[in-house]
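# Survey of secondary and tertiary structure
Okay, here's what each chain looks like letter by letter:
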Amino acid sequence: MTVTIDATIDAPLERVWAVISDFANLQQWHPLVQRCETEGEGVGSIRVVHFADSWASERLERLDADSHTLHYAIIDGSNPAATGLTGAIALGERGNGSTSLRWVSGLDPDRPEAEALDRYLESYYPQRIEHLRSALRSAG
């Protein structure tokens, strides 16, 4: 199962990439993050993201500045159903100073919780994208 969310961000590609590619600094655009601890740098680094009522450990699988793509995997966390989820955020030049964003994520479709998690992500990712937009406007 996978979820694909497409959006347009009213900010230049390099500016959006600077925020998205900063794997260790998720809280700069995700306001529900209370704390983010990172071990290592670059591909293979692990960030432990703490929320008010949960946590997730994510590994940076790929970071490609040429294609403006970031891949990650949830490797542990307080919600076992999300462990094994993989995701990718890809950015592209949209024109007129805006950026296209595609967020693709999901679990192995053979996992019983895949469908329920997909339904959750279909509303979760648009909220996170709106938070990204807001952070970029604030940093203006």
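Structural notes, computed from the coordinates. Predicted model only: the values in this text are computed from it and were never measured.

## Considering the overall build of the chain
- Tallying secondary structure elements over the chain gives two helices and seven strands in all.
- Secondary structure of the chain in N-to-C order comes out as β-α-β-β-β-β-β-β-α.
- Since a compact globule built from 140 residues should have a radius of gyration of about 14 Å, the 15 Å found for the chain is in line with a globular shape.
- If you line up the chain on its principal axes, its C-alpha atoms span 45 × 30 × 30 Å.
- Across the 140 residues in the chain, those meeting the buried criterion constitute 42%.
- Long-range contacts, defined as pairs at least 24 residues apart, comprise 45% of the intrachain contacts of the chain with a sequence gap of at least 6.
- Here the chain has roughly 7400 Å² of accessible surface; of this, 48% comes from carbon and sulfur atoms.

## As for the sheet that holds strand 2 (residues 35–39)
- Taken in spatial order, the seven strands line up as 1-7-6-5-4-3-2 in an open sheet, and their pairing is antiparallel. Unpaired on one side and paired on the other, strand 1 (3–9) and strand 2 mark the two borders of the sheet. Across the sheet, the axes of successive neighbouring strands diverge by a mean angle of 25°, strand direction being ignored.
- Taken together, the eight bridges between strand 4 (residues 55–64) and strand 5 (residues 69–77) define a ladder with antiparallel strand orientation. Residue pairing in the sheet places L63 in a bridge with L70 of strand 5.
- Strands strand 1, strand 4, strand 5, strand 6 (86–95) and strand 7 (98–106) of the sheet are contacted by helix 1 (residues 13–20), whose axis makes an angle of about 160° with strand 6.
- Each of strand 1, strand 5 and strand 7 touches helix 2 (residues 114–139); the most contacted strand, strand 1, lies at about 20° to it.

Criteria and thresholds
- Residues take numbers from 1 onward in each chain, read along the sequence in its written order.
- The predicted nature of this model means local features are confined to residues of pLDDT at least 70 and side-chain atom pairs, given and counted, to a pLDDT of 80 or more, with totals for whole chains, interfaces and linings taken over all residues.
- Each side-chain value is derived from all of the structure's non-hydrogen atoms; neither hydrogens nor water enter the calculation.
- Only DSSP runs of H or I reaching four residues or more are called helices, and only runs of E reaching two or more are called strands; each is numbered from the N terminus.
- Atoms counted for the radius of gyration: C-alpha only. Globule rule: 2.2 Å times the number of residues to the power 0.38.
- Exposed residues in this analysis have more than 50% of their type's maximum accessible area, buried residues have under 20%, and partly exposed residues fall in between, with area computed by a 1.4 Å probe over protein chains only.
- Working rule for contacts: check all heavy atoms of both residues, and any pair within 4.5 Å makes them a contact.
- For every accessible area listed, the method is Shrake-Rupley and the probe measures 1.4 Å; residues are considered covered only by the protein chains on display.
- Between any two strands, pairing holds if DSSP finds at least two bridges.
- Geometry is summarised by axes, namely lines fitted to C-alpha atoms with helices restricted to the contacting stretch, and by angles between N-to-C directions that run from 0 to 180 degrees.

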